[in-house]
There are 2 protein chains.
Amino acid sequence: MHAPAIETLIEKFEQLPGIGHRSAERIAFHILERMSREDAESMASVIIGAKEKIHFCSICQNLTDTDPCKICSSHKRDRSIICVVESPEDVSAIENTNEFNGLYHVLHGAISPMDGIGPDDIRIKELIERLADGSVKEIIMATNPTVSGTATAVYISKLLAPFDVQVTRIAHGVPIGSDLEYADKVTLIKAIEGRQKM
Amino acid sequence: MHAPAIETLIEKFEQLPGIGHRSAERIAFHILERMSREDAESMASVIIGAKEKIHFCSICQNLTDTDPCKICSSHKRDRSIICVVESPEDVSAIENTNEFNGLYHVLHGAISPMDGIGPDDIRIKELIERLADGSVKEIIMATNPTVSGTATAVYISKLLAPFDVQVTRIAHGVPIGSDLEYADKVTLIKAIEGRQKM
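All figures in this text were calculated on a predicted structure; none of them were measured in a lab.

Trainee: Talk me through the packing of aromatic side chains; I want residue IDs and the actual numbers.
Mentor: Per the stated rule, a full pass over the model turns up three aromatic pairs over all chains. Relative to Phe 13 of chain B, the ring of Phe 13 of chain A lies with its centre 6.5 Å away and its plane at 65°, an arrangement referred to as edge-to-face. With Phe 13 of chain A in helix α1 (residues 4–14) and Phe 13 of chain B in helix α1 (residues 4–14), this residue pair bridges two chains. When the ring centre of Phe 56 of chain A is taken as origin, the NZ or CZ atom of Arg 123 of chain A, which lies over that ring, is 4.4 Å away.

Written out as structure tokens, the structure reads:
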């Protein structure tokens, strides 16, 4: 029913997470009816600019505009602890608690054979490489408390058995079945404090 | 906490309707973590392209990629009836019922003194101009059944009194207080069928 350029715009927004057809339509009409040409161009250039400036940290694999990222290159962080998470959003969530002062490792996913995601499809190799110099004493597995997140934690803990490093799991204060990034600060603090040896 | 390029990206999406901070963050990370550079560039160019191709129809003021728009230039439409709506979304909603065969006029808003929107801020003048040749016999006021939508309908019906044109209001089958674009097809059909002389 809409002109092709409107349909294409709606489709682009529908592909984004959490946006259904109705929301995509609203957003498209908002851009076409209410945003100035300059605002639309600015939005487009911000998308391209972010994609150009932001890349993965060569150490922790988190999204960053420097390399190494600010956390990996900070002298104030405890370099003996690495907190392993599934996604950059999880790093943000833990950083917002202001309770964790170690380093991170972003796997960019979790092992899920059902979805065809095996150990080589997430950044486990890069984690193992970080243990080479022996400075890391503890790995906190902070993957999501879901089937795939737990499987990933167990898989990595077995893989790390030969290394002289303690592997811990965040306490299940984080409600089972939910997504780590939606946990509130207190729950996340409790989860980090109550971590158990694996 | 995020890199400036990520913050700017989040802010851009937060400005869109129906997207809060959390959703904007999710979308930004999705673009940075999961979309390819090509996909991001394609999204940016679709936004710019839509803004370039889509403009307001010089007759009905709806969003269009041709001028006049497809509805205004169609020989199959009844040119004696104009359905006046607040937004392009409302045209889509009524078109989806396949029950209305007249023309449209999009006001791009409603009179709302509280928000500083007066009669000159919406496209009423363009509606009046369409009555000059005397071919229009009926104007259906299909503005939203809200305070400002009703005020707009009343204002326009008074303005049209000197003209030889019947002004009708869609029946209040559309639930009062809601937005016209969210009405289901049957409700919209009933509303158009049950229209009353104003």
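There is more to say after this.
Trainee: Explain the pairing of strand β6 (residues 166–169) of chain A residue by residue, including any values.
Mentor: Residues and elements named next belong to chain A. Bridge count for strand β5 (residues 138–141) against β6 is four bridges, and the pairing is parallel. Across the sheet, residue Glu 138 finds its bridge partner in β6, namely Gln 166. The parallel pair β5 and β6 is bridged by helix α7 (residues 147–159), and the resulting crossover is right-handed.

Trainee: Explain the nonpolar core to me, and be specific about the residues and the numbers.
Mentor: If you look at the biggest cluster of nonpolar residues, it comprises 44 residues, and the most contacted ones within it are Phe 13 of chain A together with Phe 13 of chain B. Contributions of two or more residues to this core are made by α1, α2 (21–34) and α3 (37–53) of chain A together with α1, α2 (21–34) and α3 (37–53) of chain B. Contacts of Phe 13 of chain B, omitting those with residues within four sequence positions, involve Phe 13, Leu 16, Met 43 and Ile 47 of chain A together with Ile 19, Ala 24, Ile 27 and Ile 31 of chain B.

Trainee: Please give an account of the interface of chain B and chain A that cites residues and values.
Mentor: Contact with chain B, which involves 52 residues of that partner, is made by 52 residues of chain A. Contact with chain A buries area across many residues of chain B, yet Arg 26, Ile 47 and Lys 51 of chain B alone supply 14% of it, more than any other trio. Inspection of the region where chain B meets chain A yields two salt bridges. Residue Glu 52 of chain A pairs with Arg 37 of chain B through a salt bridge whose shortest N-O separation is 3.8 Å. Where chain B meets chain A, there are 10 residue pairs in polar contact (both at pLDDT 80 or more). At the level of secondary structure, the elements contributing two or more residues to the side of chain B that touches chain A comprise α1, α2, α3 and α4 (88–95) of chain B. Among the elements that take part in the side of chain B that touches chain A, α3 of chain B stands out by supplying 13 residues, more than any other. Among the residues making up the side of chain B that touches chain A, the classes are represented as 27 nonpolar, 10 polar and 15 charged.

Trainee: Explain the environment of Ile 48 of chain A to me, using residue names and the numbers behind them.
Mentor: Mapped onto the secondary structure, Ile 48 of chain A falls in helix α3. In the structure, Ile 48 of chain A is positioned 113 residues away from Ala 161 of chain A in sequence and 43 Å away in space, judged by C-alpha atoms. Apart from the residues lying within four places of it in its own chain, the contact partners of Ile 48 of chain A are Glu 41 and Ala 44 of chain B.

Trainee: Could you give me a rundown of unusual backbone geometry, with the residues and numbers involved?
Mentor: Each neighbour pair has its own omega, and for Asp 67 of chain A with Pro 68 of chain A the value is 0°, a cis peptide bond. Structurally, the position occupied by Pro 68 of chain A is in the loop between β2 (63–64) and α4 (70–73). Phi is positive for Gln 61 of chain B, close to 70°, though the residue is something other than glycine. Of note, Gln 61 of chain B is situated in the loop between β1 (55–56) and β2 (63–64). Residue Gln 61 of chain B is classed as buried on the basis of its relative accessible area, which comes to 5%. Phi angles above zero are rare outside glycine, and Asn 98 of chain B is one such case at about 55°.

Trainee: Describe the pairing of strand β4 (residues 103–106) of chain A, naming the residues involved and giving the relevant values.
Mentor: Residue and element names in this part refer to chain A. The side-chain alternation of β4 yields two buried faces, one formed by Leu 103 and His 105 and the other by Tyr 104 and Val 106. Note: strand β3 (residues 81–85) against β4, four bridges, orientation parallel. Bridge pairing in β4 places Cys 83 opposite Tyr 104. Of the crossover connections in this fold, the one passing from β3 over helix α5 (residues 88–95) to the parallel β4 is right-handed.

Cut-offs applied
- Residues numbered from 1 in each chain as written.
- Chains lettered and ligands numbered in written order.
- Predicted model: local features only at pLDDT ≥ 70, side-chain atom pairs only at ≥ 80, totals over all residues.
- Heavy atoms only, no water.
- Phe/Tyr/Trp six-rings, centres within 6.5 Å; stacked < 30°, edge-to-face > 60°.
- Helix = DSSP H or I, 4+ residues; strand = E, 2+ residues; numbered from the N terminus.
- Lys NZ or Arg CZ within 6 Å of the ring centre and 35° of its normal.
- Pairing = 2+ DSSP bridges.
- Right-handed = clockwise from strand over helix to strand, strands pointing away.
- Core = buried A, V, L, I, M, F, W, Y, C linked by side-chain atoms within 4.5 Å.
- Buried < 20%, exposed > 50% of the residue type's maximum accessible area, 1.4 Å probe, protein only.
- Contact = heavy atoms within 4.5 Å.
- Buried area = accessible area lost by both parts, 1.4 Å probe.
- Salt bridge = Lys/Arg side-chain N within 4 Å of Asp/Glu carboxyl O.
- Polar contact = N/O pair within 3.5 Å; in protein donor to acceptor, adjacent residues only side chain to side chain.
- Nonpolar A, V, L, I, M, F, W, Y, C, P; charged D, E, K, R; others polar.

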